[in-house]
Amino acid sequence: MLKYLLQKEFLQIRRNSFLPRLIIAFPIVMMCVMPWVMNQEVKNIRVACVDNDRSTISQQLVHRIEASNYFLSGGQKPSYQAALKEIESSRADIILVIPQHYSRDLTQGHHPRLLIAANAVNGTKGAMGSAYLRQIVAPSGAVEGTSTLTLYNPHQNYKVFMIPALFAILMMLMTGFLPALNIVGEKEAGTIEQINVTPVSKWSFILAKLIPYWLIALFLITVCLLLSWLVYGITCQGPLLLVYLLAMLLALFFSSLGLIISNYSDTMQQAIFVMWFFVVCMLLLSGLFTPTRSMPSWAYATTYVNPMHYFIDAIRTVFVRGGSFHSIAHQLLALALISSLMAVWAAGSYKKNG
Amino acid sequence: MKPFISFVLKEAKHILRDRRTMLILFGMPVVLMLLFGFAITNDVKNVRTVVVTSQVDTQTQQAVERLAASEYFTIIATVGTPAQAEQLIRRQQADMAIVFGKDFAAKHSGVQILVDGADPNMAQQWTTYTTAILHQPVGGNSYIPPSSLGGEPGVKLLYNPQMRSAYNFVPAIMGMLLMLICAMMTSISIVREKERGTMEVLLVSPVRPLMIIIAKVIPYLVLAFAILTTILLMGRYVLDVPLAGSIIWIYLVSTIYILLALSLGLLISNIADSQLMALLLSAMVLLMPIVMLSGMLFPVESMPVVLQWVSAIIPPRYYIEAMRKLMIMGVGIGDVARELAILTAMTLALLAISLKTFKVRLS
Amino acid sequence: MERSSSVIEVSHISKSYARVQALRDVSLTVGKGELFGLIGPDGAGKTSLFRILCTLLLPDEGTAAVDGYDVVRQMKEIRRRVGYMPGRFSLYQDLTVEENLQFFATLFGTTVDEGYDSIRAIYSQIERFKDRKAGALSGGMKQKLALSCALVHSPSMLLLDEPTTGVDPVSRKEFWEMLAMLKERDITIMASTPYLDEVRRCERVAFLSEGQVMGIDTPEVVLERFKEVFNPPPIVNAVATQSQQAEQDDGGNAIEVSHLVKAFGSFRAVDDISFSVRRGEIFGFLGANGAGKTTAMHMLTGLNQPTGGTGTVAGYDIRTEHEQIKRHIGYMSQKFSLYEDLTVRENIRLFAGIYGMNDKAIKEKTEELLRQLKFEAHADDLVRSLPLGWKQKLAFSVAIFHNPDIVFLDEPTGGVDPATRRQFWELIYEAAGRGITVFVTTHYMDEAEYCDRISIMVDGKISAIGTPDELKQRFQQPDMDHVFTYLARQAKRSSD
């Protein structure tokens, strides 16, 4: 019985004028474009210099800044006020003020104070920018004697961090939203009534709805892994099998969530808005963009039930850090548990007899 | 005029009757604001640190204590070899390890920091903090920001001295939600009428097509304003985000942006012939680039040049930029003239295209 | 016909979509104040013609004028004058009955009070539900509301595309009486319909087939000239009688219902009904729109739980054993119930598979069925592209593909032309001949005569049950149409 229902689902996806194209093109485009975009690296910061000293030394300082690849010249401004104006009209991000008699004080052994003023509306950018600038203008010996070894991502490549996150986002979009629209679509078309008077069991119906999305997920993760290798030369450090296992579990979760929402919704619009809500919250609290451990304890508590958090943690461990099954055993367990609960709920919430 | 009013009322009823969608529409901004305001931070906090040392001497002991005393680091283990520490990091039981060399006590050097580089920004910040603490003069018991160390340049963080992420995200949330609500909901509501066949009747009725469009759009306009106001109020009174600029200009720029989003929704409804397609178009094809390329999450300057060009045609980029300036930096309207001009031009262009492509007949 | 009196002028109109030619060189004129009928099988091009006339579609060739305005160039003028009710007129599901009516009234620049007289006969029947959402109405009631919405204003010209599909006979009569009243006010009306009694009420009709006008004349002449299409010889109830006798031997009831109640809040949609259907019988389940037929059927097929009462279908309890029931029944719902984006063969395969047939059996039976329906050439066409009549025949064949004990048919022939309806009933008889019990609802009273026994439901109760002959005798009426009208009108008085 399941076989026939499955065939139907596949045929329906294939016949749709838009879905097959979306399923194939979307992940490819996203994988080719997004890793370049999802980059919180701070660079190309525009510096407006206010040189009140106008000496050779101060000019050298300015040149040193402009030569750095973090900074772009935002031009020299006569006064702090003028430089501030540049920031306000978004022509500069950071201001460096060189005090009068800078070179004289320096040669006399005093410690002249430079002023760095950064636009901190974007806090990270402001803080990182001023830190970089400080390192250039005051390369003091503070760092001496300490060496840093960056593990797993020696070149501090942001793509290494973001590609696993992109896997998660793509899985969420493709295996979450499509099922959310599926059953509610059949409700609106009226065909669900015909299925409800047949002896189809809840489980075969729900499984027939879920399985196509797992296959889509398989396709998706394969495309993602291939592209990340071909385009970015980033490969999985741990066993590939684990990546697939994680992807399948996440697909199970999102497709079940989609069907649950679909079962409870009356219109497609409702389904998509409810889905958006849950997905955005899960995404933000998953540690995908920001470290979960920086969150306040009440927010951190939610990560225990957030499958996205387990997935992100586990896939970064396997993909980036080369972790083994042992390293992610508890994430796998938690993910499997939550996902199967959701699948049971999906079948339970489908009512054949109102 | 009467048909027009009743049209608007009908449209408003559609929105109000769908309780669940309404709940999400107002719940979404509230929850997003709370999350961004209180839960999501990039702060260095509770970094799980492993100490690697072969012998325990007072110097090392003191250094470790200093680290542990700060709120940034939590010492979770002390192990003998770097390999053991790396194992802990790989298993995600630790984020960072500090290896003290044999001669640390003697020379006060030979410290190696092993840091999990999966998140490059955080890795960088962790090392900066660690180094600063380790090299702090003995006796001090808390981390002093490097800016106040002698000889160092003074650092001033403008507009957002506490580096609160809410300052950055409130304008971004406005840009995203207004687009989502206006574009997605208008496109769906028009396509739904096409799908159900009521559009035929509306078209054949004496009401002019332009009136149909305007009537469809007005309730969403009102809704968008309600949501905008909710966000601004929450931002101001719950998250303490300043409203430094003029409220009138904030609303005016927002109005232009809302109109732009509405025309985009209209355009989508002209292209899509089923609700499913309209939804997928607005949820994935439209929203993803908006979130990703508008600079709301990822800075535009860090993107490759080609993508910077692409982002130049993404309207929310200018809106978010304008809002950040008006709300947080409190600049005058003159400084957002460029954004305002681009938004207005985009709105007019989109409006023209979408009205032009609106089908007064069936195809 | 002289220029001044012809309101619609169509000359040499052709229209084709990607593959199909919908209209081919169509010419006709309609005079002012005329009641003009457009008839023909499904897919004949009626809807395309309507859409061209109300400027929703552009013709490929030829010209058409409405009220002297060209349909291509003077769209605005025409839209100001024309009232149009599309075939799939749909209401706003989330607005109440009254809100829908008010909206459409203001849309056309009038008010409900002003237009009330022209809709009283029909609207009064649904007025007591005026605070209910349109989405919660039964199919027929929705159609009545749609009619009210279309007629609440009185434009100079009305274009009605199959306005009475799914509407019960009594309301249809009232609707056509309303049209006659409008005609007296010199309003030109062009309507399409699959009902012969409605065709006869037109002044002139055009018979369209495969996009071409086959003839334009008075109804009598057209119906006579194409009588093999419109007036097929009645089916002899031979098979059924035979099967009925055969079944009487083993006796037993396929359906037994006693004191069945379904209440939605304080409203009792089905109010204490009891009846039984014998095995192998063709049982007609009649009733006015909103009488509770579909609700009752939903309880019998296990789609809904009864509020009270008991019943068995195929020997299983409808309250507890609905999944077993589903194994032994076939069902064809009011809404078209096959997957439109699958082909004929794929639909058959899906539903056969659901009932547990294996690949080999499905393959053999599919070929047999396709041969029987003469569908071989269209086996791989998408169901979406088939004409309505074909879809319905296919849906029925799919519903009995697994040889169920009972098949439930909810208005299976709504909107289908007479010739196809006849073929449909041949299929029903054949199924009955194989011993399948048929439980059918219909608004065609000629079909009611084909049933072995019928019940007539009014306001949630069964007000009469028996063979068609018994009922005609009991109420002393000449045919089922009159019996129905008599009962439905009587009941309405009591509910007022």
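No experiment lies behind these values; they were computed from the predicted model shown.

Caption draft 1: The overall build of chain C, seen in detail. Scanning chain C from terminus to terminus reveals 19 helices and 20 strands. Its C-alpha radius of gyration of 23 Å places chain C within 12% of the 23 Å reference for a compact globule of 496 residues. In terms of overall dimensions, chain C has C-alpha extents of about 70 × 55 × 40 Å along its principal axes. Counted over contacts in chain C with a minimum sequence separation of 6, partners at least 24 positions apart contribute 70%. When the accessible surface of chain C is split by element, carbon and sulfur atoms take 47% of a total near 19000 Å². Side-chain charges of chain C comprise 58 positive and 69 negative groups, with the mean position of each set lying 3 Å from the other.

Caption draft 2: The overall build of chain B, seen in detail. Regarding its fold elements, chain B presents 14 helices and five strands. C-alpha extents for chain B along the principal axes are approximately 95 × 45 × 40 Å. For chain B, with 363 residues in total, the buried portion stands at 59%. For chain B, the share of sequence-separated contacts (at least 6 apart) that also reach a separation of at least 24 residues comes to 75%.

Caption draft 3: Region of interest: the packing of helix α10 (residues 240-264) of chain A against helix α13 (residues 307-319) of chain A. Residues and elements named next belong to chain A. At a minimum axis separation of 10 Å, α10 and α13 run at an interaxial angle of 165°. Classified by the interaxial angle, the pair formed by α10 and α13 is roughly antiparallel. Our pair here, α10 against α13, has a crossing hand that is left-handed. For the pair α10 and α13, the contacting residues are L242, V243, L246, A247, L250, F253 and F254 in the first and P307, M308, F311, A314, I315 and V318 in the second. Across the contact of α10 with α13, the residue classes tally to 13 nonpolar, no polar and no charged.

Caption draft 4: The domain arrangement of chain B, seen in detail. Its domain assignment divides chain B into domain 1 (2-39 + 162-357) and domain 2 (47-148). Measuring from the centre of the C-alpha atoms in domain 1 of chain B to the corresponding centre in domain 2 of chain B gives 47 Å.

Caption draft 5: Local environment of the interface of chain A and chain B. At the junction of the two partners, chain A supplies 105 residues and chain B supplies 97 residues. Buried surface at the junction of chain A and chain B, summed over both partners, amounts to about 9300 Å²; 64% is from carbon and sulfur atoms. On the chain A side of the contact with chain B, V121, F273 and R293 of chain A bury the most area, a combined 8% of that side's loss. Inspection of the chain A/chain B interface yields three salt bridges. E188 of chain A is paired through a salt bridge with R196 of chain B; the nearest N and O atoms lie 3.5 Å apart. If you look at where chain A meets chain B, you find nine residue pairs in polar contact (both at pLDDT 80 or more). Residue contributions to the side of chain A that touches chain B peak at eleven residues, all from helix α11 (residues 268-284) of chain A. When its residues are assigned to classes, the side of chain A that touches chain B shows 59 nonpolar, 33 polar and 13 charged.

Caption draft 6: Just helix α1 (residues 2-17) of chain B, in detail. The first and last C-alpha atoms of α1 of chain B sit 22 Å apart over 16 residues, in line with the 22 Å expected at 1.5 Å per residue. Where α1 of chain B is concerned, the buried positions are F4, S6, F7, V8, K10, E11, H14 and I15 of chain B. Along its buried surface, α1 of chain B packs onto α2 (19-39), α7 (165-196), α8 (198-204) and α9 (209-237) of chain B together with α3 (97-107) of chain C.

Caption draft 7: Up close: the interface of chain C and chain B. Contacts between the two partners involve 31 residues from chain C and, on the opposite side, 26 residues from chain B. With both chains or domains summed, chain C and chain B bury close to 2800 Å², and 60% of this area falls on carbon and sulfur atoms. Ranking the residues of chain C by area buried against chain B places L56, R79 and L107 of chain C at the top, with a combined share of 22%. Taken together, the links from chain C to chain B amount to three salt bridges. Two residues, E200 of chain B and R51 of chain C, come together in a salt bridge whose shortest N-O distance is 2.9 Å. There are 14 residue pairs in polar contact (both at pLDDT 80 or more) connecting chain C and chain B. At the level of secondary structure, the elements contributing two or more residues to the side of chain C that touches chain B comprise α2 (75-81), β6 (82-85) and α3 of chain C. The element that contributes the greatest number of residues to the side of chain C that touches chain B is α3 of chain C, accounting for five residues. Partitioning the side of chain C that touches chain B into residue classes produces 18 nonpolar, six polar and seven charged.

Caption draft 8: Main features of the sheet that holds strand β3 (residues 35-39) of chain C. All names here are of chain C. Taking strand neighbours across the sheet as the criterion, the six strands line up as β6-β7-β8-β3-β9-β10 in an open arrangement whose pairing is mixed. Every interior strand has two partners, whereas the edge strands, β6 and β10 (212-217), have only one. On average, each strand axis in the sheet is tilted by 15° relative to the strand beside it, whichever way the strands run. Pairing analysis gives five bridges linking strand β7 (residues 157-161) to strand β8 (residues 188-192), with the strands arranged parallel. Residue pairing in the sheet places D161 in a bridge with S192 of β8. Relative to β6, helix α5 (residues 139-151) is tilted by about 170°, and along the sheet it contacts β6 and β7. Across the face of the sheet, helix α6 (residues 169-184) comes into contact with β3, β7 and β8 while running at roughly 150° to β8.

Caption draft 9: Seen up close, the packing of aromatic side chains. Residue and element names in this part refer to chain C. Counted under the stated rule, the structure contains 35 aromatic pairs over all chains. Ring plane angle 50° and centroid distance 5.3 Å describe the contact between F396 and F424, whose orientation is recorded as tilted. Remark: F424 occurs in helix α16 (residues 418-433) and F396 occurs in helix α15 (residues 388-399); sequence separation between them is 28 residues. Here F396 matches F424 in class, with each residue buried. Here the aromatic residues F275, F283, F285, F408 and F439 are joined through ring pairs into a cluster of three or more. When the ring centre of F267 is taken as origin, the NZ or CZ atom of R132, which lies over that ring, is 4.6 Å away. The ring of Y444 has R421 sitting right over it, with the charged end atom 3.6 Å from the ring centre.

Caption draft 10: Focus on the pattern of salt bridges. Following the criterion strictly, the structure yields 53 salt bridges over all chains and no others. Salt-bridge contacts for E9 of chain A lead to K209 of chain A; the nearest nitrogen and oxygen are separated by 2.8 Å. Taken together, the positions of E9 of chain A in helix α1 (residues 2-15) and K209 of chain A in helix α9 (residues 202-230) put the pair 200 residues apart, joining distant regions of the chain. Here K209 of chain A falls in the buried class, since its relative accessible area comes to 0%. Here D67 of chain C ties to R81 of chain C by a salt bridge, and the two come within 3.9 Å at their closest N and O atoms. With D67 of chain C in the loop between β4 (61-66) and β5 (69-70) and R81 of chain C in helix α2, this residue pair connects regions lying 14 residues apart in the sequence. Accessibility expressed as a relative area gives 29% for D67 of chain C, which makes it partly exposed. For R81 of chain C, a relative accessible area of 27% corresponds to the partly exposed category.

Caption draft 11: Examining empty space enclosed by the protein more closely. Within the structure shown, the criterion is met by eleven cavities of 30 Å³ or more. In this structure, the largest cavity encloses a volume near 370 Å³. Forming the walls of the largest cavity are 26 residues, and the residues nearest its centre are P291, T292 and R321 of chain A together with Q92 and D95 of chain B. Only α13 of chain A together with β1 (47-52) and α6 (120-134) of chain B provide two or more residues apiece to the lining of the largest cavity. Of all the elements, α13 of chain A adds the most residues to the lining of the largest cavity, at four residues.

Caption draft 12: A look at a nonpolar patch on the surface. On the surface, W298 of chain A together with L34, F38, L233, Y237 and V238 of chain B cluster together into a nonpolar patch covering about 610 Å² of accessible area. Of all elements in the fold, only α2 and α9 of chain B reach the threshold of two or more residues within the nonpolar patch. Within the secondary structure, W298 of chain A sits in helix α12 (residues 297-302). We classify W298 of chain A as partly exposed; its relative accessible area is 48%.

Caption draft 13: Summary view of the sheet that holds strand β12 (residues 267-278) of chain C. Residue and element names in this part refer to chain C. As summarised here, the arrangement of the four strands in space is β12-β11-β14-β15, forming an open sheet in which the pairing is antiparallel. Unpaired on one side and paired on the other, β12 and β15 (316-317) mark the two borders of the sheet. Pairing analysis gives five bridges linking strand β11 (residues 253-264) to strand β14 (residues 308-313), with the strands arranged antiparallel. Within β14, the position partnered with I255 by the bridge is V313.

The rules we used
Residues numbered from 1 in each chain as written. Chains lettered and ligands numbered in written order. Predicted model: local features only at pLDDT ≥ 70, side-chain atom pairs only at ≥ 80, totals over all residues. Heavy atoms only, no water. Helix = DSSP H or I, 4+ residues; strand = E, 2+ residues; numbered from the N terminus. Rg over C-alpha atoms; globule rule 2.2 N^0.38 Å. Contact = heavy atoms within 4.5 Å. Areas by Shrake-Rupley, 256 points an atom, 1.4 Å probe, with all protein chains shown as cover. Lys, Arg positive; Asp, Glu negative; His and termini not counted. Charge placed at Lys NZ, Arg CZ, Asp CG, Glu CD. Buried < 20%, exposed > 50% of the residue type's maximum accessible area, 1.4 Å probe, protein only. Axes fitted to C-alpha atoms, helices over the stretch in contact; angles between N-to-C directions. Parallel < 35°, antiparallel > 145°, perpendicular 65-115°, else oblique. Left-handed = near helix turned anticlockwise from the far one by under 90°. Nonpolar A, V, L, I, M, F, W, Y, C, P; charged D, E, K, R; others polar. Domains from an automatic or database assignment. Buried area = accessible area lost by both parts, 1.4 Å probe. Salt bridge = Lys/Arg side-chain N within 4 Å of Asp/Glu carboxyl O. Polar contact = N/O pair within 3.5 Å; in protein donor to acceptor, adjacent residues only side chain to side chain. Expected span 1.5 Å × (residues − 1). Pairing = 2+ DSSP bridges. Phe/Tyr/Trp six-rings, centres within 6.5 Å; stacked < 30°, edge-to-face > 60°. Lys NZ or Arg CZ within 6 Å of the ring centre and 35° of its normal. 1 Å grid on protein atoms, 1.4 Å probe; cavity = no way out; pocket = protein on both sides within 12 Å on 5 of 7 lines; lining within 4 Å. Points joined across faces, edges and corners; volume = space filled by probe spheres on them. Patch = residues over 30% accessible without salt bridge, like charges linked within 9 Å, V, L, I, M, F, W, Y side chains within 5 Å.

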